[in-house]
Amino acid sequence: MHVVVTGALVENGAVLLVHRRPTKRAYPDVWDLPGGQVEAGESELQALAREMHEELGVHIVAESASRLGLMHDGSGEDAVHVGVWQIGDWVGSPTNRAPEEHDDIAWVGISELGGLSLVHGVLAAMVHSLPEFECARRHSDVTDGNQHDRGTKADCRACAGTDSSGR
């Protein structure tokens, strides 16, 4: 069994995804969260920090990371156990430092996830469940113009900068 970690970096209502090269043996030509194999002797969090630095050049703030969920794929020797983590804070600007693995990286809005070919179908549901997107989902569902949510919207990272009240 392979143990893998992936990390969701969220900023301004978008999550950072990497596009796996079409030549990759496993999961070619699909979008995924950045991450990789947990090496012998590493915890998932240690592997996550190493992978985020190797692939994106960012240093995660370990205390800001929390496990979002688990995914399992395959069976037997080819089974993959994927720990999906939310990363609340990091240092540095993400860039593609692993061009041999990924041919693109992109900030993808929550509404765009359904139109992408993702490595795992459940990935979009996990990203939708992130607290950063809770406010955005709630505001996209509100159509009656109630004003009582305005303070919440300004405090939500996904909605930051979308309030037109001039605050």
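Located above this text is the structure these notes cover.
Residues numbered from 1 in each chain as written. Predicted model: local features only at pLDDT ≥ 70, side-chain atom pairs only at ≥ 80, totals over all residues. Heavy atoms only, no water.

Draft legend 1. Representation of the pattern of salt bridges within the structure. With the rule as written, the count across this model stands at five salt bridges. Salt-bridge contacts for glutamate 42 lead to arginine 50; the nearest nitrogen and oxygen are separated by 2.7 Å. Classification of glutamate 42 as partly exposed rests on a relative accessible area of 21%. Each member of the salt-bridge network shares a partner with another, and the members are Glu39, Glu42, Arg50, Glu51 and Glu54. (Salt bridge = Lys/Arg side-chain N within 4 Å of Asp/Glu carboxyl O. Buried < 20%, exposed > 50% of the residue type's maximum accessible area, 1.4 Å probe, protein only.)

Draft legend 2. Structural context of the nonpolar core. Within the largest apolar cluster, 22 residues are counted, with the highest numbers of intra-cluster contacts made by Val15, Leu17, Leu33, Val82, Val84, Leu113 and Leu118. Elements represented by at least two residues in this core include exactly strand E1 (2–11), strand E2 (14–20), strand E7 (80–87) and helix H2 (122–128). If sequence neighbours within four positions are ignored, leucine 17 has contacts with Trp31, Asp32, Leu33, Asp104, Ile105, Ala106, Val108, Leu113, Leu116 and Leu118. If you look at the next biggest cluster of nonpolar residues, it comprises 15 residues, including Val5, Leu9, Val18 and Met52. (Core = buried A, V, L, I, M, F, W, Y, C linked by side-chain atoms within 4.5 Å. Helix = DSSP H or I, 4+ residues; strand = E, 2+ residues; numbered from the N terminus. Contact = heavy atoms within 4.5 Å.)

Draft legend 3. The arrangement of the packing of aromatic side chains in detail. Under the definition given, this model contains one aromatic pair. Aromatic pair tryptophan 90 and tryptophan 107: ring centres 6.3 Å apart, planes at 25°, arrangement stacked. With tryptophan 90 in strand E8 (residues 90–91) and tryptophan 107 in strand E9 (residues 102–109), the pair connects residues that are 17 residues apart, well separated along the chain. Its relative accessible area of 12% is what places tryptophan 90 among the buried residues. Overall, tryptophan 107 belongs to the partly exposed group, its relative accessible area being 35%. (Phe/Tyr/Trp six-rings, centres within 6.5 Å; stacked < 30°, edge-to-face > 60°.)

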